[in-house]
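# A look at the structure
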Amino acid sequence: HDLTIGPDGRLYVADKFGNRIVIMDPETLELLEVVDEGRLPGVHDISFGQDGKAYVSVTGASALAIYAFPDGKPEFETFLGPFPRTEGALAHSNGQIYVMASGSGELVAWDGSDVVATATGLFGAHDVAEAPDGTIWVADNGRRRLVRYSTDLRKLQVLDDPSYGFAGPRYLDIDAFGRLVIADQDAHRILLIDPATGDLLGILGDGKPGEGPNKFDDPEGVAISGTNYYFADSDNNRIVKYVVVVN
């Protein structure tokens, strides 16, 4: 499922079918380490906070797993929840944790041990990602759209133009300029959208499942690090790395 670059510069992958976290070299994509193999049922997402901890959405447990990194090694601390069918997790720069409870259609903001805000009506939604301005984007797969929220979860913007051809947007990342890179799983494509204008700037994938250059089969996770773009190409059981230059 989703993936992210950790504070240590390594690539962390939520390996749903392995029920584990996989750590990879971001340059070679060599597998370096496995975390809690078989103990994270249906794991979907991972996000690192400014506290250095990892917040992992464990869908099969309807909970958020929290890991600390004493001596640089991941160590399980506790579960937070329950959140019915936990899909997305975001450790925001404001210190709050945003959790997508897809089963109840709720995006929940946690501050310490308290729920401080909730957005509803998001049944089937997946990823939660922070834009450069601190606002929050949600991949609302159930309604085939992207929704932007304030940090107190007021709805600010919806992107659902038919020109995008959304079939099942699951996960996304945001580049330094605020542009959205979305894995549209059911369309077997990756889209680049400028939310300021609504323009569709680029597409990877031809809409048909396959393996090879410019081909995907149910892509889900997206992670951006400079000009390196990483995609979890789920039904091909692979992580793909592209070097992308956008004018």
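Quick caveat: nothing in here was measured; it's all calculated off a predicted structure. (Residues numbered from 1 in each chain as written. Predicted model: local features only at pLDDT ≥ 70, side-chain atom pairs only at ≥ 80, totals over all residues. Heavy atoms only, no water.)

This next bit is on the overall build of the protein. A tally of regular secondary structure across the protein gives 0 helices and 23 strands. For 247 residues, the compact-globule estimate of 2.2 N^0.38 gives 18 Å, and the protein sits close to it at 16 Å. Counting only residues that meet the buried cut, the protein has 55% of its 247 residues in that class. For the protein, restricting intrachain contacts to residue pairs at least 6 apart in sequence, the fraction spanning at least 24 positions comes to 35%. Summing over all exposed atoms, the protein offers an accessible surface of approximately 10,300 Å²; the carbon and sulfur share of this is 47%. In the protein, which carries 20 positive and 38 negative side-chain charges, the distance between the mean positions of the two groups comes to 4 Å. (Helix = DSSP H or I, 4+ residues; strand = E, 2+ residues; numbered from the N terminus. Rg over C-alpha atoms; globule rule 2.2 N^0.38 Å. Buried < 20%, exposed > 50% of the residue type's maximum accessible area, 1.4 Å probe, protein only. Contact = heavy atoms within 4.5 Å. Areas by Shrake-Rupley, 256 points an atom, 1.4 Å probe, with all protein chains shown as cover. Lys, Arg positive; Asp, Glu negative; His and termini not counted. Charge placed at Lys NZ, Arg CZ, Asp CG, Glu CD.)

On to the packing of aromatic side chains, then. Evaluation of the coordinates by the stated rule reveals 10 aromatic pairs. Ring geometry for Tyr-12 versus Phe-48: centroids 4.9 Å apart, planes at 70°, classification edge-to-face. One end of the pair, Tyr-12, is in strand E2 (residues 11-15); the other, Phe-48, is in strand E5 (residues 43-48), and 36 residues separate them in sequence. Clustering of aromatic rings is evident, with ring pairs tying together Tyr-12, Phe-48 and Phe-69. (Phe/Tyr/Trp six-rings, centres within 6.5 Å; stacked < 30°, edge-to-face > 60°.)

Glancing now at the sheet that holds strand E21 (residues 219-225). Strand order in the open sheet formed by 3 strands is E21-E22-E23, and the pairing between neighbours is antiparallel. The sheet terminates laterally at E21 and strand E23 (238-243), the two strands that pair on one side only. For this sheet the average axis-to-axis angle between neighbouring strands, irrespective of direction, equals 20°. Where strand E22 (residues 228-233) and E23 come together, 6 bridges link them in antiparallel fashion. Considered in E23, the bridge of Tyr-229 is made with Tyr-242. (Pairing = 2+ DSSP bridges. Axes fitted to C-alpha atoms, helices over the stretch in contact; angles between N-to-C directions.)

Take the sheet that holds strand E10 (residues 97-101) next. A sheet is described by the order of its strands in space; here 4 strands give the open sequence E9-E10-E11-E12, paired in antiparallel fashion. At either margin of the open sheet sits one strand with a lone partner, and together these are strand E9 (86-91) and strand E12 (114-119). Geometrically, the sheet is characterised by an average inter-axis angle of 20° between neighbouring strands, direction not taken into account. When E10 meets strand E11 (residues 106-111), the two strands line up antiparallel, connected through 5 bridges.

One pass over the structure, following the stated rule, counts 14 salt bridges. Here Glu-33 ties to Arg-10 by a salt bridge, and the two come within 3.5 Å at their closest N and O atoms. With a gap of 23 residues between them, Glu-33 in strand E4 (residues 31-35) and Arg-10 in the loop between strand E1 (3-5) and E2 connect regions that are remote in the sequence. In this pair, the class of Glu-33 matches that of Arg-10, namely buried. One network of salt bridges, in which partners are shared, links Asp-8, Arg-10 and Glu-33. (Salt bridge = Lys/Arg side-chain N within 4 Å of Asp/Glu carboxyl O.)

Grouped together as the largest cluster of nonpolar side chains are 15 residues, with contacts concentrated most on Tyr-98, Leu-107, Tyr-149 and Leu-153. Every residue in contact with Tyr-149, bar those within four places of it in the chain, is listed here: Leu-107, Ala-119, Leu-122, Thr-135, Ile-136, Val-138, Arg-154, Lys-155 and Leu-156. (Core = buried A, V, L, I, M, F, W, Y, C linked by side-chain atoms within 4.5 Å.)

Next up on the list: the pairing of E22. Of all 6 residues in E22, 6 are buried; the element is thus mostly enclosed. Here 5 bridges tie E21 to E22, and the two strands are oriented antiparallel to one another. Looking at the pairing, Pro-219 lines up with Asp-233 of E22. Linkage of E21 to E22, two consecutive antiparallel strands, is achieved through a turn of 2 residues, within which Gly-226 is found at a positive phi near 65°.

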